[in-house]
Every structure is written in C-alpha cells, then in structure tokens.
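# Per-entry structural report
Listed below, chain by chain, are the residues.
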Amino acid sequence: MTSRTASPRPPSPALPGNRRRRLPAAALSLLLLLLPAAPLEAQGPPINTDTAFVNGLEGAAFRTFLFSVRRSGLSRDGRDVDDPLDREVSVYGVPIIFPYELVKNKLVLAVGLPILRKEMTLTRDEKRRTLSTSGIGDAFIKSKLLLVQHDKPGRTTRFAMTGAIKLPTGKDDERDSEGNLLPPPLQLGAGSVDYTVGGVFTHVRKRIGFNADAGYHFRTQARGFAFGDSVTYNVSLGYRLAPKVYKVYPARNHINAYIELNGQSSQRDRARGRPLGDSGGTLLYLSPGIQFIPANFIIEASLRLPVLQSLNGTQLRFQPSFTVGMRWLLF
Amino acid sequence: MKKTLLTTTLLILPALVAPAQVRLVTVKVDGLACAFCAYGLQKGLKRVEGVKDVKVYVDAGKAELRFKEGAPAGLAEIGPAVKKAGYTPAEITVEVTGRLIDWNGKPALAIDGAAEKLLLDGGDALRRMSAGRNPPSAASLVTVVGTLEQINPPQHHGHPLTLHIKEIRVAEG
C-alpha cells in the first residue's frame with residue numbers, strides 16, 4: 001500500500017493502519033504508467049506504435065482517440081486469488097494531440113493533453129462503492145528527430161530519436177466523499193515531471209509496413225512518492241487491405257489492417273525511497289486494429305488483448321480493452 | 001487578293017501552332033511508400049511556380065505536374081520541393097514545347113513566358129531531326145521530351161538546366 005507523505009492531510013481509510021481495508025493502490029501503479037507510455041505516445045499509423053516519419057500525418061494531423069484500460073481479478077505472484085473486495089478499475093482517456101513540423105522533414109513537436117476518467121468499484125461493508133475522478137491529466141510535449149532516411153522506389157527505411165517531457169497538469173490530490181486522499185494511481189496526475197527518451201524504426205514497402213519503437217521513462221518523485229521507471233516496447237506490422245493497387249491519391253477505399261505487440265516493463269514504485277512490493281512488472285498486449293482512410297482523415301480502432309502479465313506481488317489483472325480514434329490532416 | 005490571303009494566313013498561322021510552354025512533368029519519387037506521404041508531396045509540388053495540377057501515383061512512385069498555359073514554369077523548384085516534402089527525387093521527365101536557339105554555341109530551347117532556357121543534350125537526336133525531311137529552322141517550335149538534370153544551386157546560378165533528349169519533333173500546328 002502506498003501513500004503520499006502529506007502530513008496535513010487526513011488519512012484515507014485505505015491507507016496503512018488497517019491492512020484488510022487497504023486498496024491495492026500500489027497494485028494499480030502499472031495502470032498509470034501505461035497511460036502515457038502506450039497510446040498517448042504511439043502516434044501516426046500504426047495505431048499503438050510510433051513511426052519514424054516526421055512528415056505527413058506526424059507533422060500535420062490532429063489526433064484524438066478514446067482508450068480504455070480495465071483491471072479486475074486479483075493476482076498474487078502470478079496466481080489468481082480471491083479478492084474479498086471484488087475490485088474493478090476502469091480508466092477512460094481522450095488525449096488531444098497537436099503536432100507541428102518545426103524543421104521540415106527533420107524535427108516535429110507534438111503537444112498532448114488527456115482528458116481522463118478513472119473509476120474503482122469495490123465492495124466494502126457489504127455495499128458496492130465507487131471512487132472516481134474526472135478531468136485533465138498530465139500534459140506532455142514530445143519531440144521526434146529524423147536521423148536516418150533511406151529511400152528507394154516504392155519503399156523507405158527511417159530511424160528517428162524521440163524525447164518527451166510529461167508535466168504535472170493533472171490534479172494529484174483528489175479525495176473521496178469522506179475527504180480521504182485517493183491512492184496515486186487513481187489520481188488524474190502523477191504530480192511529477194517525468195522524462196522519456198527513445199527511438200523508432202520504420203520500414204515501409206508498398207502494401208506492407210513495419211514499425212518498432214522503444215522508450216525509457218524516467219519517473220521523478222512528488223510528495224515522497226515516485227512511480228517506477230519503465231521501458232516500453234512496441235512492434236507493428238501493417239498491411240494495406242484496399243485498394244489492391246493504389247493508383248492516384250487520394251483513394252476513397254483505403255483500408256489498413258494492423259497487428260501489434262505493445263509492452264511495458266516497470267520497476268517497483270517507491271514511497272519515501274522504499275520500493276513497494278505490490279507494484280511494477282511486465283505487461284504485453286496483442287493489438288489487432290483497422291484503419292479506414294476516406295480522404296485526409298483516418299478513422300481507426302484497435303482491440304488490446306493482454307497476452308502476458310507478470311505483475312509483482314498482489315495486483316489486479318489487466319483485462320481486454322480498446323482504442324477508437326481519428327486523425328485529421330490540418331496543414 | 002492573293003497578297004491579302006497570304007498576309008491573313010501568316011497572321012493566323014502562329015495562332016494555330018502550339019504555344020511554347022512546359023506541358024507535362026513527371027517526377028519519380030523514391031520513398032513514396034504510403035498514402036499520406038502523397039498528401040505532403042502533392043501539397044509541396046502545387047507550390048511550384050506555374051503548376052496547375054498535380055497527381056500523385058502512389059504505387060507507381062511518381063507525380064505528374066501540369067502547368068498553366070503561358071505561365072513561367074519553375075522547373076528548378078521541382079527537385080527541392082520533393083526533398084522538402086520528405087522524399088528523394090529521382091528522374092524528372094519533361095515534355096516541353098519551345099523554340100530552338102543557340103546559347104553560347106550550344107543548342108537550347110527557349111520557352112516563351114519562362115525566364116529560363118533549357119540546354120539540350122542529345123546530339124544524335126538533334127542531328128537526325130536536322131537531317132530529316134523537314135528540318136526545323138531557327139524560329140521553329142519543337143516539342144522535346146527528356147530528362148531534366150538536377151544541378152546543385154551553386155552551379156545553377158545563371159546557368160540553364162540541362163534537358164537530356166529522349167524524343168524531339170517539330171511541334172504540330
């Protein structure tokens with residue numbers, strides 16, 4: 001169980017003092033880490049993975065989407081166990097992302113702001129209760145610098161470096177109806193400034209596209225609490241279902257299909273410098289998706305199926321979720 | 001009567017001959033591997049001086065540019081426009097009608113309404129045409145299809161672009 005070191009604040013009934021009534025807040029920490037690392041930073045086709053392009057969609061398309069993350073069912077050291085509180089957690093987010101090509105075909109900046117809703121439902125005193133927060137999450141500024149570009153007829157290979165900073169614009173002191181501070185993973189923001197460095201590789205050849213990205217996320221602390229550093233890694237294979245032969249741009253029946261693997265491995269969270277046992281771990285999603293491109297915008301949807309969960313200690317398991325969104329060429 | 005008819009014919013004849021102009025430019029583009037790649041490329045090429053219309057053929061990896069009649073054509077801008085859009089220009093093929101002139105002892109094509117001339121490279125094609133049944137005169141309009149040599153800006157300053165001839169014929173009236 002984690003708690004912020006905020007002595008002026010009254011303790012939450014879920015905080016240390018009554019282990020049986022504790023919320024597995026630390027067990028949710030991977031949840032919060034996953035939010036900025038995965039969908040929010042995976043821009044451009046494919047759907048949940050980054051691309052090394054800095055032009056086209058990457059430099060000129062407004063993007064927004066609805067994503068969900070759901071957790072339920074308790075797991076202890078990899079084995080399913082009964083949860084006396086029957087907890088369920090749902091997170092819905094709508095990030096709004098604006099890119100801008102600072103240097104033509106070289107450097108792009110993107111600014112993103114998520115709107116979040118987080119809910120935890122549990123049984124306490126034989127009553128079903130819901131804790132929830134809604135509002136603006138932590139904003140981010142991401143940059144992408146194209147380093148390698150190798151073009152041939154009908155194909156291209158590119159590599160770019162990425163960097164991002166996450167700013168504490170989301171509230172991190174939301175309370176429940178009794179005035180108790182909600183656990184950190186249920187807060188809209190982390191309260192900390194965090195940093196990301198990474199790289200992206202792209203190879204596209206006619207109807208087939210391969211993209212892979214990896215990033216390291218440095219988490220700093222806020223009020224004595226820090227989420228664990230993490231590594232994200234994503235691989236995507238895309239295929240143009242239609243048209244079979246792309247003649248003149250724009251084609252009205254352009255459909256792409258994707259299959260992606262999206263993963264994250266996180267260190268344990270730390271409270272007052274001490275690692276928390278029920279936090280961190282590795283999560284891998286298999287994400288099939290589809291895009292429809294009628295003109296200068298994209299409509300896309302992706303399922304996210306957890307195929308590997310190696311969660312430290314006792315945590316809620318991740319359940320299948322989805323992403324639905326659109327991108328619109330502005331410039 | 002005969003004199004009037006001849007004068008009238010001479011006055012009408014130039015109007016019946018195709019005007020000197022850049023007709024069609026086809027640029028092959030390397031790295032054009034997706035639909036949204038085409039969007040940026042099309043936008044960039046539309047900004048080239050004199051362009052009326054741009055079509056991007058994604059799978060074929062090329063773009064076709066059509067120019068406004070009588071307007072100057074920014075041929076030297078095409079390669080840089082492709083690079084600026086994020087791709088690599090390969091072969092640029094031009095179909096252009098103009099008048100044969102001499103530029104510093106070399107054959108060149110003057111395009112009416114355009115500030116620049118095009119140096120013609122392809123001595124065999126020119127010699128075959130000159131030795132043919134209807135050799136062009138100095139004032140003849142000819143249509144040339146050829147590949148444009150892209151010269152680095154420092155060398156291009158004041159120096160015409162070079163067109164490597166694939167085909168040359170007297171322009172049809």
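This is a predicted model, so every value here is computed, not measured. (Residues numbered from 1 in each chain as written. Chains lettered and ligands numbered in written order. Predicted model: local features only at pLDDT ≥ 70, side-chain atom pairs only at ≥ 80, totals over all residues.)

## Brief notes about the overall build of chain A
The condition is simple: Secondary structure elements are taken from DSSP: a helix is a run of H or I of four residues or more, a strand is a run of E of two residues or more, and numbering for both begins at the N terminus. We call two residues in contact if the C-beta atoms placed from their backbones are at most 7 Å apart.
When its secondary structure is counted, chain A shows 2 helices and 18 strands. Contacts in chain A between residues far apart in sequence, at least 24 positions, make up 64% of those at least 6 positions apart.

## Considerations on helix H3 (residues 78–85) of chain B
Residues and elements named next belong to chain B. What counts, and what does not: Backbone-placed C-beta atoms define the burial measure: a residue is buried with 20 or more other C-beta atoms within 10 Å of its own, exposed with 12 or fewer, and partly exposed in between. Here, the arc refers to the directions that run from the helix axis to the C-beta atoms.
Those residues of H3 that sit buried are Ile78, Ala81, Val82 and Ala85. In an axial view of H3, the angular spread of the buried residues amounts to 100 degrees, which keeps them on one side of the axis. Looking at the buried residues of H3, the elements they touch are strand S1 (21–30), helix H2 (35–46) and strand S4 (88–103). Glycine 86 occupies a position one or two residues after H3 and carries a positive phi of about 110 degrees.

## Brief notes about the interface of chain B and chain A
Our working rule: Under this grouping Gly is polar, as are all residues other than the nonpolar Ala, Val, Leu, Ile, Met, Phe, Trp, Tyr, Cys and Pro and the charged Asp, Glu, Lys and Arg.
Between chain B and chain A, the residue contacts involve 22 residues of the former and 26 residues of the latter. Contributing elements (two or more residues each) for the side of chain B that touches chain A: H2, strand S2 (51–57) and H3 of chain B. Looking at the side of chain B that touches chain A, the element that brings in the most residues is H2(B), giving 7 residues. A per-class count over the side of chain B that touches chain A returns 12 nonpolar, 6 polar and 4 charged.

## Observations concerning the pairing of strand S1 (residues 61–76) of chain A
Within a regular beta strand, the side chains point alternately toward one face of the sheet and then the other, so they alternate between its two faces. All names here are of chain A. This is how it is decided: Whether two strands pair depends on DSSP finding at least two bridges between them.
Pairing analysis gives 7 bridges linking S1 to strand S18 (residues 321–329), with the strands arranged antiparallel. Bridge pairing links phenylalanine 67 to threonine 323 in S18. One ladder, built from 8 bridges, connects S1 with strand S3 (residues 88–103); its direction is antiparallel. Directly across from serine 68, in S3, lies its bridge partner tyrosine 92. Across 5 bridges, S1 lies against strand S17 (residues 314–319) in antiparallel orientation. Residue arginine 76 lies in a different strand from S17, and its bridge partner there is threonine 314. Relative to strand S2 (residues 79–81), S1 runs antiparallel, the two being bridged by 3 bridges. Following the sheet pairing, leucine 74 is matched in S2 by valine 81.

## Here we look at the pairing of strand S7 (residues 155–167) of chain A
Residue and element names in this part refer to chain A. Residues Thr156, Arg158, Ala160, Thr162, Ala164 and Lys166 line the buried face of S7, whereas the alternating positions Arg155, Thr157, Phe159, Met161, Gly163, Ile165 and Leu167 sit on a face that is not buried. Alignment of strand S6 (residues 139–152) against S7, held across 13 bridges, turns out to be antiparallel. Across the sheet, lysine 144 pairs through a bridge with threonine 162, a residue of S7. Here S6 hands over to S7 after 2 residues, with glycine 154 in that stretch at a positive phi of 75 degrees.

## Thoughts on the confidence of the model for chain A
Residues and elements named next belong to chain A. Here is the rule: Every residue gets a pLDDT, meaning the predictor's confidence in that residue, from 0 to 100.
Looking at chain A, pLDDT values average 84 and 86% of them are 70 or higher. The low-confidence segment residues 1–27, where pLDDT is below 50, has 57 contacts with residues more than four positions distant or belonging to other chains. Contacts from residues 29–44, a stretch scored under 50 in pLDDT, to residues over four places away or in other chains number 67 contacts.

## Looking at the nonpolar core
The test is simple: By definition, a nonpolar core groups buried Ala, Val, Leu, Ile, Met, Phe, Trp, Tyr and Cys residues that connect through C-beta atoms lying within 7 Å of each other.
In this structure, Ala35(B), Cys37(B), Ala38(B) and Leu41(B) are the most contacted members of the largest nonpolar core, which totals 50 residues. Among residues more than four places away in sequence, those in contact with Ala38(B) are Tyr249(A), Leu32(B), Val56(B) and Val58(B). The next biggest cluster of nonpolar side chains, apart from the first, holds 12 residues, and it includes Leu74(A), Leu131(A), Leu182(A) and Leu186(A).

## Let's talk about unusual backbone geometry
All names here are of chain A. Here the bond from alanine 242 into proline 243 is cis, since omega is -5 degrees, no more than 30 degrees from zero. A cis amide bond, omega -5 degrees, links tyrosine 249 with the succeeding residue proline 250. Along the chain, proline 250 falls in the loop between strand S11 (230–242) and strand S12 (254–266). Residue aspartate 77 is not a glycine yet carries a positive backbone phi of 50 degrees. Note on placement: aspartate 77 falls in the loop between S1 and S2. Residue classification places aspartate 77 among the exposed residues on the basis of 11 C-beta atoms within 10 Å. In the Ramachandran plot, aspartate 86 falls in the positive-phi region, its phi being about 50 degrees despite a non-glycine side chain.

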